[in-house]
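# A structural walkthrough
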Amino acid sequence: MSSTTTLTASLKEGVPPHVADFYRQSLRALRDAGIPFLVGGAFSLACYTGIRRVTKDLDLFILREDFERIARLMQQHGWRTELPYPHWLGKVHDGDAFIDLIFNSGNGVTPVDARWFHGNSRAEILGVPVRVANVEDSLLSKAFIMERERYDGGDIAHLLLARAERLDWAGLLERFGPHWRVLLAHLTLFGYIYPGERHRIPTWVMTCLNDRLADEMHRPPAPSDRKVCAGTLLSREQYLHDVQHAGYLDGRLTPASGMTARDVAVWTHSIEDDKPATRPPPD
């Protein structure tokens, strides 16, 4: 279960000095203004698992209602802000360096709310004391990222490997709610990836999820589910054929997600812009 323990500092060596200075000033500005935020992304992964990797940005989880206040604060420091995706993400820019301000998931399923700010561990990021997103919330937000060019299942496996005995499993089940199949998929893969560690997932959790699966398999689909493609909650690109040409209802436009048709259109339009640049073939 999450606690207020202090985690190890992370990634100081992997950030260019001018970028680190921007991050450091931003963290201090938010802290001094008393605006709640949580560090996530590669920084929190390093804190929990010890896995260090180069990161192109700093991920901060915030409440949606705080975005405008944060934007004004950052602008006062001379940094540029934008809200490219009003349903989940804002950004702060200092030249080529940037910070992601995250208040939901790209699929609109996991809004940041007050629950995220309870029992957080603490860490020192680039010399600044901060609170880190709980493992449970990191798992929830990463579980739905299954793009062709990005899959966060490896992060989930490593978080489980590092923290399985300390998780609030009952709370995690409650947070996944109707998306419990996604959680079951990741837990099943964990037992495949680490066959000698699968016992670390509580038996009652797997029994509960498998009982749900067995029960569901013995019932016909609900009429409201018959022509839904929830794949768009896992990948914004790979199931476009289903919703644009095959007659399926986009899962993001059901009560499962808070997205609007406009949000979906903007998020889809930006697919090509957000893809990493293609490297030229070797000579």
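The rules behind each value
Residues numbered from 1 in each chain as written. Predicted model: local features only at pLDDT ≥ 70, side-chain atom pairs only at ≥ 80, totals over all residues. Heavy atoms only, no water. Salt bridge = Lys/Arg side-chain N within 4 Å of Asp/Glu carboxyl O. Buried < 20%, exposed > 50% of the residue type's maximum accessible area, 1.4 Å probe, protein only. Helix = DSSP H or I, 4+ residues; strand = E, 2+ residues; numbered from the N terminus. Contact = heavy atoms within 4.5 Å. Polar contact = N/O pair within 3.5 Å; in protein donor to acceptor, adjacent residues only side chain to side chain. Axes fitted to C-alpha atoms, helices over the stretch in contact; angles between N-to-C directions. Parallel < 35°, antiparallel > 145°, perpendicular 65-115°, else oblique. Nonpolar A, V, L, I, M, F, W, Y, C, P; charged D, E, K, R; others polar.

## Side note on the pattern of salt bridges
- Applying the stated rule across the entire model yields 16 salt bridges.
- Its salt-bridge partner being Asp100, residue Lys91 comes within 2.6 Å of it at the nearest N-O pair. In this structure, Lys91 and Asp100 share a single accessibility class: buried.
- The residue Asp152 makes a salt bridge to Arg150 at a minimum N-O spacing of 2.8 Å.
- Looking at Asp152, the relative accessible area reads 4%, which means it is buried.

## Side note on the environment of Ser257
- Of note, Ser257 is situated in the loop between β9 (249–250) and α10 (261–269).
- Placed 105 residues apart in sequence, Ser257 and Asp152 show a C-alpha to C-alpha distance of 20 Å.
- With sequence-adjacent residues up to four places away left out, Ser257 is seen in contact with Asn107, Gly108, Val109, Leu233, Gly251 and Arg252.
- At a separation of 2.6 Å, a polar atom in the side chain of Ser257 contacts the main-chain carbonyl oxygen of Asn107.

## So, the packing of helix α6 (residues 169–176) against helix α7 (residues 180–193)
- The contact between α6 and α7 brings their axes to 8 Å, and the two run at 130°. Relative to α7, α6 is oriented oblique. Residues Trp169, Leu172, Leu173 and Phe176 of α6 pack against Trp180, Val182, Leu183 and Leu187 of α7.
- Class assignment for the residues of the contact of α6 with α7 results in 8 nonpolar, no polar and no charged.

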